[in-house]
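Reading the structure
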Amino acid sequence: MATERYDAPAREKHWQQVWNEKGTFRTKDIRTKDKSGKPKRYQLEMFPYPSGRVHMGHVRNYTLGDVMARYMRAKGFNVLHPMGWDAFGLPAENAAIERKVHPRKWTYENIDTMRSQLKAMGLSIDWEREFATCDPAYYVHQQRLFLDFLKKKVDGEPLAYRKTAKVNWDPVENTVLANEQVIDGRGWRSGAVVEQRDLTQWFFRITAYAEDLLQALDKLQPTWPDFVCTQQRNWIGKSTGANMRFALEGRKLPKKLQALEVFTTRHDTIFGASFMAISAEHPLAAHLAQKNEELAAFIVECRKIGTTEEALAKAEKKGWDTGIVAVHPFRPDVKLPVYVANFIVMGYGTGAIFGCPAHDQRDLDFARKYGRPVVPVVLPPGADAATFNIGSEAYVGEGTLINSEFLDGLMIEAAKDKMASLLEDRGIGERKVNYRMRDWLLSRQRYWGCPIPVIHCGTDGIVPVPVEDLPVKLPDDVTFDRPGNPLDYHPAWKHVTCPKCGGAAVRETDTMDTFVDSSWYQFRFTAPNAPTPTDKKALKYWAPVDQYIGGKEHAVLHLLYARFFTRGMKATKHVTFDEPFTSMFTQGIVVHETYRSENGDWLTPAEITIEGDGINRKATSITTGRPVEIGAIEKMSKSRKNVVDPDDIIASYGADTARLFIVSDSPPDRDIIWTDGGVAGASRQVQRIWRIIDQVVERNGKRNSKSPSFGPEALALRRAAHKTLNGVGQNIEALRYNVAVAQIYELTHALSGAMDKSGEGLDWAIREAGEFLVQAIGPMMPHLAEECWARLGYNTLLAEQPWPAVEPGLLVDDTVTIAVQVNGKRRDEMTVARSAGSGEIETAALRLEAVVRALEGRPVKKVIVVPQRIVNVVV
RNA sequence: GCGGACGUGGUGGAACCGGUAGACACACAGGACUUAAAAUCCUGAGACGGCGACGUCGUGAGGGUUCGAGUCCCUCCGUCCGCACCA
């Protein structure tokens, strides 16, 4: 019996079945059934897109979350740990086009596959709360939220609204493309040159919360990764400055265009202004272009470089002199020529600037090219006003104002303040805060998404679909045999009667961006069957999510959208708080070596064998026997073929091995290199623990009896066991799983070391340490833990056991080993009683032979004693 | 260009508040068991010098603060990520 190998794949199926039958991980409905009075813990990982099969990134994500969920359950929390599917999206439509399979069928087949794969991982998930966002039972509530956002006004404007926006239009596919579908200015599928078209689109007014989303980051910072907070701050892009208006001269202009408004953060430098520049899309440019073909051509040219970002950043600054001039507001005799310039973006500020070349690099480049004057108005500290000159680099640092009349001598901030007040007094400008973030464009001209529940009526305009008519369901009978949005050319679906006047009307055929689906799913899990989007009681108990875990790639969009949506749902009375995720953790990716055959084809790890090690490692193709080049370690991807299928690992080694590999060695937030060697190592550990527990059982210690007195061996083992359990718990809570695993290994060493000893109370201690070991591995290797628990003679489930209480007295040793330094250099160490005082330690240290030798007879100047830590003898 | 993160043995990594750098693991070497191998167990190991006790050096580089720095401060180098003409 003792030498039997643990058959992980078989036993794992068994325990999964037991958990399933007993409903071990089913979370009780808080509204009716749970009366436990336990504190709650909501553990959530980003739900997957059902792309087809589970990949290692999923395995990592859900393992990390499951360890936390299982640990918290053992710690006495009432845990909510749900799973669902981010099921709308473009790949389903691509599959429909390429393989003639309906998006719904494709999606649900993938969900079935992936659900069974996730179940094989042994995740402690309440599968009864599962939902897919493509289910009308889910999106009906999303449509309701949309209608509430449509109605709700924040600062006088509705949260959902329509306006025209530029979209990427593929003239061959006859459809709108997402930015990532535009490659080098061409449609990814058709290869046609993409046009910019104006379409009326739906938006969420996320900018209404720009300031709040920014401010609240300070409160999230301690429990969110720094980089996520900084990226969100940059994305929101707050800048404080002023709007100012310039009178225009030189041509007859319509009233609206007679003044040019600019946004600036450097209103202090107005006396250094030497030109004005407006965007090619500015109304003034459009107006002038009507009667000027040359300008019209220039505008078209500007628009072209707008498609590739790389070119955009490097493109040479170009301008077109309109012949119009702006009057300097403080020096009426100074006229500033107005250019249409390719580096001014319409979407930011007012789409127009005044150029101050001395203190802005872009303006300087432009001024040098078009021969505009460069007058410094800020003098760096210590520089001489008479000789200070701008060369090829603009001065953007601190300093005092010069050449600026009434601003002279002021520091930049003071000058800005004075200038802003002056603008306001004169009525030609005002203080202004600008944000880079734009409103969230949620319209998608796609079939496989949540329909936007409005109706367009010739007489009543935009009419919301009445709540009782929801959901607006997607029609099933659609075809993908021609380009464009199937909803648009469906023969019947969009034709309806107007809910207001009863006349003929048409449905909105746009569907929602799938980021909408994932912006509130975390709340739906708290009451997945509620008749309203959220259930007050359930939400009050469970929300917000205590620990959210997911990929770094969602640092901005998904997390920012979810934060906005929570605010919107608060404004519409669906939730009572602002932030959806109390604590956020971003995991690293799974990477693997790449392999290429002689003719450059990528090969999968399964198609090759490797021999040797270090620089002698050689890879060979299994099918051809030819040498294979071992390439860089990269993110697992289908295109590089460096993928390992989780199913293969689970089938041959078991889920616990995969889970252990995921959590050992690499810190969860860093990238993890998947290697065969590492998997084999994890598998060995699984077997080692199984054997140790077997030995523990053979040893036949009893723990149910009263604790005996303990000899030194037993005491040492008990200390190790209690320290381990304590450390493992702390490290799991801090998501430092790799350190927790290392501590578990230390306990296995202590246990196997004690196994061939004997001593007073040792059998008892071995039994205790064995049980602690099983408890400690529970969150990470739950199947093995159940198997060991049963082997220890229990007929209960380990998953239902509380985390054992540690005895505080066993966490500290009676004696401590402290280092002894001479002049900061370690010379020896000594073991003293923990309670030893400074004087005692000092005398003992000075007596040490190594210390005496190092002193070389020199007089001791000072002795620094830090009890329990270190002694430093200074000479 | 701007912003962020990181840099520790052959490798992944550990080191709470500044207090014995290298826990734990992988790979490696030696040994035990075996006819042999696999599996398993034990031992060794940062580098350099020395038979040895031991000594010197050592956390990307340089400087600083301190009795004491992987940890704090400054400068530089490198890697990765995000944003990218944002006025």
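It should be noted that the structure appears before, not after, this text.
These remarks concern the structure in this document. The numbers attached to residues start from 1 for each chain and follow its sequence in the written order. A letter from A marks each chain and a number from 1 marks each ligand, given out in the order of writing. For this predicted model, a pLDDT threshold of at least 70 governs which residues receive local features, and a threshold of 80 or more governs which side-chain atom pairs are given and counted, while totals over whole chains, interfaces and linings are taken from all residues. Remark: hydrogens and water are excluded; side-chain values derive from all non-hydrogen atoms of the structure.

Secondary structure assignment for chain A yields 27 helices and 37 strands. Dimensions of chain A, computed from the C-alpha atoms along their principal axes, are close to 105 × 85 × 65 Å. By the burial criterion, 53% of the 875 residues in chain A qualify as buried. A total accessible area of about 40200 Å² is found for chain A, and carbon and sulfur atoms account for 50% of it. Just so you know, the count uses Lys and Arg for positive and Asp and Glu for negative, and it drops His and the chain ends. Here the site of a charge means NZ on Lys, CZ on Arg, CG on Asp, or CD on Glu. In chain A, 113 side chains carry a positive charge and 110 a negative one; their mean positions are 3 Å apart. To qualify as a helix, a DSSP run of H or I must reach at least 4 residues; to qualify as a strand, a run of E must reach at least 2; elements of each kind are numbered from the N terminus. Summary of the burial criterion: residues with accessible area below 20% of their type's maximum are buried, those above 50% are exposed, and those between are partly exposed, where the area comes from a 1.4 Å probe applied to protein chains only. Using the Shrake-Rupley algorithm and a 1.4 Å probe, accessible areas are obtained, with residue cover drawn only from the displayed protein chains.

Before going further, it helps to spend a moment on the packing of helix H23 (residues 737–755) against helix H24 (residues 762–777). Comment: axis = line fitted to C-alpha atoms, over the contacting stretch for helices; angle = value between 0 and 180 degrees taken between N-to-C directions. Where H23 contacts H24, the axes come no closer than 10 Å and their chain directions differ by 155°. As judged from the angle between their axes, H23 and H24 are roughly antiparallel. H23 and H24 meet at a crossing whose hand is left-handed. Packed against H23, whose contacting residues are Ile 744, Leu 747, Thr 748, Leu 751, Ala 754 and Met 755, the element H24 presents Leu 762, Ile 766, Ala 769, Gly 770, Leu 773, Ala 776 and Ile 777 at the interface. Taken together, the residues of the contact of H23 with H24 sort by class into 11 nonpolar, two polar and no charged. Roughly parallel covers angles under 35 degrees, roughly antiparallel covers those over 145, roughly perpendicular covers 65 to 115, and oblique covers all other angles. Handedness of a helix crossing follows the sense of rotation of the near helix relative to the far helix, less than a right angle counterclockwise being left-handed and clockwise being right-handed. Residue contacts follow a heavy-atom distance rule, with two residues in contact if any of their heavy atoms lie within 4.5 Å. Side-chain classes are defined by residue name, with Ala, Val, Leu, Ile, Met, Phe, Trp, Tyr, Cys and Pro counting as nonpolar, Asp, Glu, Lys and Arg as charged, and the others, Gly among them, as polar.

It is worth spelling out the protein's contact with RNA strand B at this point. When at least one non-hydrogen atom of a residue lies within 4 Å of a molecule or strand, that residue is treated as near it. By nearness alone, 49 residues border RNA strand B, and Thr 265, Lys 317, Arg 362, Arg 736 and Arg 869 come closest of all. Ser 239 places a side-chain nitrogen or oxygen 2.9 Å from a phosphate oxygen of RNA strand B. Here Glu 746 contributes a side-chain N or O atom positioned 3.4 Å from a sugar or linking oxygen of RNA strand B. Looking at the surface near RNA strand B, the elements that each hand over two or more residues are helix H8 (226–236), strand S11 (259–264), helix H21 (676–699), H23, strand S34 (815–822), strand S35 (825–833), strand S36 (862–866) and strand S37 (870–874). If one sorts the elements of the surface near RNA strand B by residue count, H23 sits on top with six residues. Each residue belonging to the surface near RNA strand B can be placed in one class, and the counts come to 18 nonpolar, 13 polar and 18 charged. Polar contact is defined as a pair of N or O atoms within 3.5 Å, subject to the rule that within protein one atom must be able to donate a hydrogen and the other to accept it, and that residues adjacent in sequence are counted only when both atoms are side-chain atoms.

A separate point is helix H13 (residues 412–426). If you check H13, its first and last C-alpha atoms are 21 Å apart, about what 15 residues at 1.5 Å a residue would give, namely 21 Å. Among all positions in H13, only Ile 412, Ala 415, Lys 416, Met 419, Ala 420 and Leu 423 are buried. Down the axis, H13 shows its buried residues gathered within 130° of arc, on one side only. In H13, the exposed positions that point more than 90 degrees away from the buried face belong to Glu 413 and Asp 425. As for H13, its buried residues are in contact with strand S10 (238–249), strand S16 (378–379), strand S17 (400–401) and strand S18 (429–435). Gly 427 sits one or two positions beyond H13 and adopts a positive phi of about 70°. For a helix, the expected span equals 1.5 Å multiplied by the number of residues minus one. As used here, the arc belongs to the directions running from the helix axis to the C-beta atoms.

What follows is about the pattern of salt bridges. By convention in these notes, a salt bridge is any Lys or Arg side-chain nitrogen within 4 Å of a carboxyl oxygen on Asp or Glu. Inspection of every chain in the model, using the stated rule, returns 45 salt bridges. The closest approach of N and O atoms between Arg 640 and Glu 634, which form a salt bridge, is 3.0 Å. You can call Arg 640 partly exposed: its relative accessible area is 28%. What makes Glu 634 partly exposed here is its relative accessible area of 26%. One salt bridge in this structure joins Glu 698 and Arg 791, with 3.6 Å as the shortest N-O distance. Within this pair, whereas Glu 698 is found in helix H21, its partner Arg 791 is found in helix H25 (residues 782–791), the two being separated by 93 residues in sequence. What makes Arg 791 buried here is its relative accessible area of 19%. What you see here is one network of salt bridges that share partners, running through Asp 212, Arg 563, Arg 567 and Glu 579.

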